[in-house]
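# Coordinates in review
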Amino acid sequence: MKLSPLRSDRDRGGFTLVEVALALGLVSFVLVSIVALLAVGLKNNQVTAEESRAICILSSMEADLRNTHPDYADATLNRARGKSALFQLELPYEYDPDTEVISFNRDILASTAPTIPTAGSTMVLLDENERRVSGPSPPSDEPAAYQASVIYTDIPDGSSPYRTLQARLVVSWPILPPSEITPPTGDLANLTDPNEVRGYVETLVSFPAP
């Protein structure tokens, strides 16, 4: 009987220990990269969702300010000093019940710092469902997710009947403490400062002379 020659290690089935170690190292490297990409993807998805919701809030704010009649006001407010129906923001127009004339809001004109949003007047806090949260410092059972601000930047003085009122609408998140956005220590830049907020969106709108 003729014996077959011995088979070498190369002819045998399976992998060597070195090959297994290299394969495991390669798989580990790929898995770590995938996990890192998943974390980045989830974060970007969250940012995109927040920005999309904030853009919807901006559109709602503009529609609210444009479509609310200047005569509108809560029962506790002066009839000539209306606020928007949805967000209760100070309107660019006001209605004089005595003369029945609509004009630019005199309260905004008389303000010493018309570019600083004030809580309950030109700034409002919103929850996750985009509903208004009462008060500048909401209790724990009313968490605020977004801060919506209207900033009247260019207010006509009445010399030209064709000038428009300019305003910035800013939605930022998370909310800032009232001390950081109201006079005398407040800074308007905090609303869009990446060191103060996680994100923000804004738009410039104009309101024609009534």
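Residues numbered from 1 in each chain as written. Predicted model: local features only at pLDDT ≥ 70, side-chain atom pairs only at ≥ 80, totals over all residues. Heavy atoms only, no water.

### Here we look at the side chain of Thr192
As a reminder, the rule being used: A run of H or I in DSSP counts as a helix once it spans at least four residues, and a run of E counts as a strand once it spans at least two, with each numbered from the N terminus. Residues count as neighbours in contact if any of their non-hydrogen atoms are within 4.5 Å of one another.
Note on placement: Thr192 falls in the loop between strand E6 (165–173) and strand E7 (199–207). Residue contacts for Thr192: discarding those within four places in its chain leaves Arg168, Val170, Val197, Tyr200 and Glu202.

### Some points on the sheet that holds strand E3 (residues 123–126)
Spelled out, the test is: What makes two strands pair is DSSP finding at least two bridges between them.
On the basis of which strands lie adjacent, the open sheet formed by 5 strands has the order E4-E3-E5-E6-E7 and antiparallel pairing. Edge positions in the sheet fall to strand E4 (132–133) and E7, since each has one partner strand and no second. As paired strands, strand E5 (residues 146–154) and E6 are joined by 7 bridges and run antiparallel to one another. Note that in E6 the partner of Asp154 across the bridge is Gln166.

### Some thoughts on the pairing of E3
To be explicit about the condition: Burial classification: accessible surface area is computed with a 1.4 Å probe over protein chains only, and a residue below 20% of its type maximum counts as buried, one above 50% as exposed, and the rest as partly exposed.
What you see with E3 is no split at all: Met123 and Leu125 on one side and Val124 and Leu126 on the other are buried throughout. Summarising the sheet, E3 and E4 pair through 2 bridges and their orientation is antiparallel. Bridge assignment links Leu125 to a residue of E4, and that residue is Val133. The turn linking E3 back onto E4 is made up of 5 residues, and Glu130 within it adopts a positive phi angle of 65 degrees.

### A word on the packing of aromatic side chains
Stated precisely, the cut-off is as follows: Classification of ring pairs uses Phe, Tyr and Trp, with its six-membered ring standing for Trp, and accepts pairs whose centres are within 6.5 Å; under 30 degrees between planes counts as stacked, over 60 as edge-to-face, and the remaining range as tilted. Two thresholds decide whether a charge sits over a ring: the Lys NZ or Arg CZ must be within 6 Å of the ring centre and within 35 degrees of the ring normal.
In the structure shown here, the tally under the stated rule is 3 aromatic pairs. A centroid spacing of 5.8 Å and a plane angle of 15 degrees characterise the contact between Tyr93 and Phe104, whose relative ring orientation is stacked. Taken together, the residues span a long stretch of sequence, with Tyr93 in strand E1 (residues 93–96) and Phe104 in strand E2 (residues 101–104) at a distance of 11 residues. Both residues of the pair, Tyr93 and Phe104, count as buried. For the ring pair Tyr146 and Trp173, a centre distance of 5.7 Å and an interplane angle of 65 degrees mean the geometry is edge-to-face. Within this pair, whereas Tyr146 is found in strand E5, its partner Trp173 is found in strand E6, the two being separated by 27 residues in sequence. Like Trp173, Tyr146 is buried. Aromatic ring contacts, followed pair by pair, group Tyr93, Phe104 and Phe207 into a single cluster. If you follow Arg66 out to its NZ or CZ, it ends over the ring of Phe207, 4.9 Å from the centre.

### With respect to unusual backbone geometry
In terms of backbone geometry, most residues other than glycine have negative phi values and most peptide bonds are trans. In this model, Gln88 sits at a positive phi of 60 degrees, which is unusual for a non-glycine residue. Along the chain, Gln88 falls in the loop between helix H1 (17–67) and E1. The phi torsion at Glu130 lies on the positive side, around 65 degrees, for a residue other than glycine. For Glu130, the location among the structural elements is in the loop between E3 and E4. Using a relative accessible area of 27% as the deciding quantity, one classes Glu130 as partly exposed.

### Focus: the nonpolar core
Let me state the cut-off plainly: Buried Ala, Val, Leu, Ile, Met, Phe, Trp, Tyr and Cys residues that are joined via side-chain atoms within 4.5 Å together make up what is termed a nonpolar core.
Ranked by size, the top nonpolar core spans 27 residues in total, and within it Ile57, Met61, Leu65, Tyr146, Tyr152, Val171 and Phe207 carry the most contacts. Looking at this core, the elements with two or more residues in it are H1, E3, E5, E6 and E7. Among all residues touching Leu65, those that are not within four sequence positions of it are Ser84, Leu89, Glu90, Leu91, Pro92, Val150, Tyr152, Leu169 and Phe207.

### What about the side chain of Ser84?
Rule in force here: The term polar contact refers here to a pair of N or O atoms within 3.5 Å; inside protein, the definition further demands a hydrogen-donor-capable atom paired with an acceptor-capable atom, and it admits residues adjacent in sequence only when both atoms are side-chain atoms.
When you line up the elements, Ser84 lands in the loop between H1 and E1. Among the polar contacts made by the side chain of Ser84, one reaches the side chain of Asp64 at a distance of 2.6 Å.

### Let's talk about a nonpolar patch on the surface
Note the following rule: For patches, a residue must show more than 30% relative accessible area and have no salt bridge; joins then use 9 Å for like charges and 5 Å for nonpolar side chains, namely Val, Leu, Ile, Met, Phe, Trp and Tyr. We get accessible surface area from the Shrake-Rupley algorithm with a probe of 1.4 Å; when it comes to residues, only the shown protein chains can shield them. By definition, a salt bridge exists where a carboxyl oxygen of Asp or Glu is found within 4 Å of a side-chain nitrogen of Lys or Arg.
Together, Leu26, Val27, Phe29, Val30, Leu31, Ile34 and Leu38 make up a nonpolar patch on the protein surface, roughly 690 Å² of accessible area in all. Tracing the backbone shows Val30 in helix H1. Look at Val30 and you get partly exposed, because its relative accessible area is 38%.

### Observations concerning the environment of Val133
Within the secondary structure, Val133 is located in strand E4. Taking the C-alpha atoms as reference points, Val133 and Gln147, 14 residues apart in sequence, are found 9.9 Å from one another.

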